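Okay, here's what each chain looks like letter by letter:
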Amino acid sequence: MKRLLPAPLVSVGLALAWLLLNPDGGRGQLLLALLLAIGLPLLLQGLRPQRVRVRHPLTVLRLCLRVMLDTTRSNIAVLRYLLQPARRPHPSGFVHIPLQVRDPNALAVLAMIVCITPGTVWAELSLDRSLLMLHVLEVADAQAVAAHVQRCYEAPLMEIFES
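Computed from a prediction, not measured in an experiment: that's the story for all the values here. (Residues numbered from 1 in each chain as written. Predicted model: local features only at pLDDT ≥ 70, side-chain atom pairs only at ≥ 80, totals over all residues. Heavy atoms only, no water.)

S.K.: Quick question: what am I supposed to make of the sheet that holds strand S2 (residues 120–125) here?
M.R.: Across a sheet, paired strands are connected by hydrogen bonds in the backbone, their directions being either parallel or antiparallel. Taking strand neighbours across the sheet as the criterion, the three strands line up as S1-S3-S2 in an open arrangement whose pairing is antiparallel. Edge positions in the sheet fall to strand S1 (93–98) and S2, since each has one partner strand and no second. Across this sheet, the average inter-strand angle for adjacent strands is 30°, counted without regard to direction. In terms of strand pairing, S2 meets strand S3 (residues 131–136) through five bridges, oriented antiparallel. Bridge pairing in S3 places Trp122 opposite Leu134. In this fold helix H5 (residues 142–161) packs onto S1 and S3, with an angle of close to 50° to the strand it touches most, S1. (Pairing = 2+ DSSP bridges. Helix = DSSP H or I, 4+ residues; strand = E, 2+ residues; numbered from the N terminus. Axes fitted to C-alpha atoms, helices over the stretch in contact; angles between N-to-C directions. Contact = heavy atoms within 4.5 Å.)

S.K.: Even after reading the chapter, I still don't get the state of the cysteines, so can you show me in this structure?
M.R.: Here, the word disulfide means a covalent bond between the sulfur atoms of two cysteines. Scanning the entire structure with this criterion turns up zero disulfides. Counting only cysteine sulfurs, Cys152 is the nearest neighbor of Cys64, a cysteine outside any disulfide, at a range of 14 Å. Not part of a disulfide, Cys115 finds its nearest cysteine sulfur in Cys64, a span of 17 Å. A relative accessible area of 48% places Cys115 in the partly exposed class. (Disulfide = S-S within 2.5 Å. Buried < 20%, exposed > 50% of the residue type's maximum accessible area, 1.4 Å probe, protein only.)

S.K.: Sorry, what's going on with helix H3 (residues 57–83) here?
M.R.: Residues that lie three or four places apart on an α-helix share one face, since the helix turns once every 3.6 residues. End to end, H3 covers 39 Å across 27 residues, agreeing with the expected 39 Å (1.5 Å per residue, within 8%). Taken as a whole, H3 has its buried residues at Thr59, Leu63, Val67, Asp70, Thr71, Ser74, Val78 and Tyr81. (Expected span 1.5 Å × (residues − 1).)

S.K.: Please explain the pattern of salt bridges as it appears in this structure.
M.R.: It is possible for side chains of opposite charge to pair when their charged atoms get near one another. Using the criterion set out here, one finds two salt bridges in the structure. For Arg66, the salt bridge goes to Asp70, with nearest N and O atoms at 3.3 Å. Of the two residues, Arg66 and Asp70 both sit in helix H3, four residues apart, roughly one turn of that helix. For Arg66, a relative accessible area of 26% puts it in the partly exposed group. The closest approach of N and O atoms between Arg80 and Glu138, which form a salt bridge, is 3.2 Å. Of the two residues, Arg80 is situated in helix H3 and Glu138 in the loop between S3 and H5; the sequence distance between them amounts to 58 residues. The class for Arg80 is partly exposed, based on a relative accessible area of 36%. (Salt bridge = Lys/Arg side-chain N within 4 Å of Asp/Glu carboxyl O.)

S.K.: Got a minute to help me understand the layout of surface pockets in this structure?
M.R.: Over the atoms, a rolled probe matching the size of one water molecule traces out where space is still vacant. Of the pockets and cavities examined, the second largest pocket occupies roughly 570 Å³. In terms of lining residues, the second largest pocket is bounded by 23 residues, among which Ser74, Thr120, Val136, Glu138 and Val145 are the most central. For the lining of the second largest pocket, the elements supplying multiple residues, two or more each, are H3, S3 and H5. By residue number, the principal contributor to the lining of the second largest pocket is H3, which donates seven residues. Considered class by class, the residues forming the lining of the second largest pocket number 13 nonpolar, six polar and four charged. (1 Å grid on protein atoms, 1.4 Å probe; cavity = no way out; pocket = protein on both sides within 12 Å on 5 of 7 lines; lining within 4 Å. Points joined across faces, edges and corners; volume = space filled by probe spheres on them. Nonpolar A, V, L, I, M, F, W, Y, C, P; charged D, E, K, R; others polar.)

S.K.: I keep staring at the environment of Gly26 and nothing clicks. Help me out?
M.R.: In this structure, Gly26 sits in the loop between helix H1 (8–21) and helix H2 (27–44). Separated by 11 residues in sequence, Gly26 and Ala37 have C-alpha atoms that sit 17 Å apart.

S.K.: Would you take a moment to explain the packing of helix H4 (residues 104–116) against H5 for this structure?
M.R.: Working note: a packed helix pair is described by the angle between its axes plus the distance between those axes. As a packed pair, H4 and H5 sit with axes 9 Å apart at the nearest point and diverge in direction by 145°. Between H4 and H5 lies a crossing whose hand is right-handed. The segment H4 lies against H5, with Asn105, Ala106, Val109, Leu110 and Ile113 engaging Val149, Tyr153, Leu157 and Phe161. Counted by class, the contact of H4 with H5 contains eight nonpolar, one polar and no charged residues. (Left-handed = near helix turned anticlockwise from the far one by under 90°.)

Take a look at the structure:
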């Protein structure tokens, strides 16, 4: 079974996404969803850095909720920033964040979290993966930004991927 479905959660996600994007629900769409769900993970399994074992599902849920909350707050802050250019209290800048997480999958998830949050961009990761440079649209306190990323994102990712 593992040979046919090397990443079962990815397969389920692909099939559901296809069916949601093609709501007519005909047999052809169901067949295409099945083909994509089986074929894509098989074709792309060589690109995965290592197998993922999902640990601590409650931590995954808490992290997802935290990302949704932070993304919403950030959307509002960026909207305010764009609509009121005269009231920009802090300049943009780069923040250096020391990292403890080493798992490549956790680093990939951290990159996705940072990139979907408006106002932040993953700028660079040091070669030894110990330092992340993040560009932030408004930096009032660089240490507070670094502490937020470490506490709210890195710590749960370490619990999920490395414990």
